[in-house]
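Per-entry structural report
In case you want the letters, here they are:
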Amino acid sequence: CEAGELDFGILKARRVPFGVYEQRTPGTYMTRIRCTAGTVTPTQFAALADLADRYGSPFLHLTTRQDIQIHDVSIGQIPSLLRDLAAIGLSSRGGGGNTVRNILGSPEAGHDKDEVFDIGPWVDALTDRLIREKDSWNLPRKFKISFASSDKDTALAGFNDLGFYPVPGPSGEPGFESWAAGGLGGKPRTALLLRPWIPASQAHVVTLAIKKFFDANGNRRNKRQARLRFLRDRFGDEGLLEKLNQAIDQELASGFEPLVPQSRSPAPAWTGSVGTPGPGYAVWLSRNVEIHPKTETALVRVPVLLGDVDTDTARAFGNGLEPFGTDVIRLGLRQDLVLVGVPVGRLPDLHTLLAPLGLAKTTGGVEDVVACTGADTCKLGMCFPKGATRALVDAAAKAGLADNAFEGLRVHISGCPNSCAQHMLADLGFFGAARRQGQRMYPAYRVVVGGVLGRGKARLAHDIGQVAAKSLPEFVTKVVADWRESGVTDFGTWIDGPGEERVKAIAAPYENVPDWDTDNSYYFDWGAT
């Protein structure tokens, strides 16, 4: 392209399936690196920091689909970046486009005290199969798969094209309950129950059958109607389920190679002495750490504001975790990090590693808010969720909200209706919009509430109003304060009771904005000039 030998349209068709997207600033590109079920080794995490410094901006961005993004890469450097990714065992292939995307898995997998069995080895095996299949790379639209570790559904299996929940078989053998045709983008839908149980060894044949059916029947003429869930409009829910089950039966009858779980590297044995706890350790231990009752190992949650980790921090984090083994880091689905399999005796040393890096902040704060990059870098973004979230940090402090005021509350902010921040499954969610006052446009957010997670319980949030972008931080703090004052501990329970009307009443004064001549600050978004 730089030499004028390749049309930019042809380049787009080639680069997008490799997770390379043009950013808002001309000539800059984002590269999205897939990390199966959020797994990445400490060595790889540190190496990605080096690559970001070499090719892009000095930070790594953690996504809501367990990918890692490097931003602001020039097109001429993309080939070298992709080669360097391959050298450390990573790839961006399937990071975008009409492909089988990165398969999600609950970050707690293998360390979830409620799980029937560890889904991780099965996700690894399915990924290995799918990336080898030619029809995974030219589908009518993207195809998203998710594996939950338990009924809590921390992998959002109830909102994907294909979702799996671990369920024991008649003799206790591992198997999955499968759901299909869900999604969070345009015309979002919760998934439909496909089969109440399949042997885990058939996870690939079920996936292959659904993928082939989607390949043959998906809308290739209109990408806005191309996802698997839109076939529900064509066939009806029951009709689509019948056709999908027929496709599975045909695939089973034609013979298939059973899926075999891939083994994961065990954590290294540790026999050292327990370190001395540092300042803040006790609160961190009580809020961020879950100790498995059987294994006596810990799962540690690491909140990351906006999912952005500067490269110096990422490098020190990865290098510092190398003694903990290769399978200690998991990328969460809330732009966070989860550390698994940590020996209890090593927790003081882990806190000592994280605290100076700013990664020992307790859960339940504004760091837990999920926000996409929005108009900061995305060409589709209407609003600036990152700027609004930073302003929310200040607004929460000004309002005197405790540092755990957001505990148990899922706040998601998307810069447009496309749901990259997954606002449609939020307790309290927002998506960007442009509104008009007189002859001028101003940034605003639609407000949605009431999303529910859980096997067989998935529910989409619903629209209840609008607030000006400038007012979002103040609005959120008032909603949180009102909920806390109610004494109801669960936000969803509060919303299903008196909360929804309370949120509507709080939003009402923020829906309209003054004229430009009265106060033009409402016409500028957070972080925009």
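Residues numbered from 1 in each chain as written. Predicted model: local features only at pLDDT ≥ 70, side-chain atom pairs only at ≥ 80, totals over all residues. Heavy atoms only, no water.

On to the overall build of the protein, then. When helices and strands are tallied, the protein shows 13 helices and 19 strands. Taken along the three principal axes of its C-alpha coordinates, the protein extends 70 × 65 × 60 Å. When burial is assessed residue by residue, the protein has 57% of its 529 residues classed as buried. Only carbon and sulfur atoms are counted for the fraction: they give 51% of the accessible area of the protein, which is about 21,600 Å². Across the protein, the mean location of the 59 positive side-chain charges is 6 Å away from that of the 60 negative side-chain charges. (Helix = DSSP H or I, 4+ residues; strand = E, 2+ residues; numbered from the N terminus. Buried < 20%, exposed > 50% of the residue type's maximum accessible area, 1.4 Å probe, protein only. Areas by Shrake-Rupley, 256 points an atom, 1.4 Å probe, with all protein chains shown as cover. Lys, Arg positive; Asp, Glu negative; His and termini not counted. Charge placed at Lys NZ, Arg CZ, Asp CG, Glu CD.)

This paragraph deals with the pairing of strand S4 (residues 67–74). Buried residues dominate S4, accounting for six of its eight residues. Pairing of strand S2 (residues 28–34) with S4, which is carried by six bridges, proceeds in the antiparallel orientation. Of the residues in S4, the one forming a bridge with Arg32 is Gln69. Where strand S3 (residues 59–62) and S4 come together, two bridges link them in antiparallel fashion. Bridging from a neighbouring strand, His61 pairs with Gln69 of S4. Between S3 and S4, which pair antiparallel in sequence order, lie four residues; one of them, Gln66, sits at a positive phi of approximately 60°. (Pairing = 2+ DSSP bridges.)

Mapped onto the secondary structure, Glu500 falls in helix H13 (residues 491–507). Once residues within four sequence positions are removed from consideration, Glu500 is found in contact with Val449, His462, Ile464, Trp494 and Ile495. (Contact = heavy atoms within 4.5 Å.)

This brings us to the pattern of salt bridges. Summed over the entire model, instances satisfying the criterion amount to 36 salt bridges. The residue Asp50 makes a salt bridge to Arg315 at a minimum N-O spacing of 2.7 Å. Highlighted residues: Asp50 in helix H2 (residues 42–55) and Arg315 in helix H9 (residues 311–321), separated in sequence by 265 residues. (Salt bridge = Lys/Arg side-chain N within 4 Å of Asp/Glu carboxyl O.)

Attention now goes to the sheet that holds strand S11 (residues 297–302). Strand order across the open sheet formed by four strands is S10-S11-S14-S13, with antiparallel pairing between neighbours. Each edge of the open sheet carries a strand with a single partner, namely strand S10 (289–291) and strand S13 (329–331). Pairwise comparison of adjacent strand axes, ignoring direction, gives a mean angle of 20° for this sheet. Pairing between S11 and strand S14 (residues 337–343): five bridges, direction antiparallel. Paired with Val302 across the strands is Leu337, a residue of S14. (Axes fitted to C-alpha atoms, helices over the stretch in contact; angles between N-to-C directions.)

Quick look at the packing of helix H8 (residues 281–288) against helix H10 (residues 347–354) now. Axis angle and axis distance: for two packed helices, these are the angle between their axes and the distance between the axes, and together they describe the pair. It is the contact of H8 with H10, at a shortest axis distance of 11 Å, that shows an interaxial angle of 105°. By the angle class used here, H8 and H10 are roughly perpendicular. The segment H8 lies against H10, with Tyr281, Trp284 and Leu285 engaging Leu347, Pro348, Leu350, His351 and Leu354. Split into classes, the residues belonging to the contact of H8 with H10 amount to seven nonpolar, one polar and no charged. (Parallel < 35°, antiparallel > 145°, perpendicular 65-115°, else oblique. Nonpolar A, V, L, I, M, F, W, Y, C, P; charged D, E, K, R; others polar.)

Another point: the environment of Asn404. Its place among the elements puts Asn404 in the loop between helix H11 (385–398) and strand S16 (411–414). Not counting the four nearest positions on each side in its chain, Asn404 is found in contact with Arg287, Thr363, Gly364 and Arg484.

Time to look at the nonpolar core. Inside soluble globular proteins, nonpolar side chains tend to come together where they are buried. Core analysis: the biggest nonpolar cluster contains 45 residues, and Phe45, Leu339 and Leu350 have the highest contact counts within it. The element contributing the most residues to this core is H2, with six residues. Every residue in contact with Leu339, bar those within four places of it in the chain, is listed here: Ala298, Leu299, Val300, Val302, Phe317, Leu321, Val328, Ile329, Leu350 and Leu354. Ala109, Phe147, Ile210 and Phe213 belong to the second largest nonpolar core, which has 39 residues in total. (Core = buried A, V, L, I, M, F, W, Y, C linked by side-chain atoms within 4.5 Å.)

With that settled, consider the sheet that holds strand S18 (residues 440–449). To summarise the sheet geometry, strands pair through backbone hydrogen bonds and adopt either a parallel or an antiparallel arrangement. Taken together, five strands build an open sheet; the order of strands is S15-S16-S17-S18-S19 and the sheet is mixed. Whereas interior strands pair on both sides, the edge strands pair on one side only; in this sheet they are strand S15 (370–371) and strand S19 (462–468). Judged from the four bridges that link them, S16 and strand S17 (residues 428–437) form a sheet pairing that is parallel. What sits directly across from Ile413, in S17, is Phe430. Lying on the sheet, H11 is in contact with S15, S16 and S18; it crosses S16 at an angle near 145°. Docked against the sheet, helix H12 (residues 472–486) engages S16, S17, S18 and S19, running at close to 140° with respect to S17.

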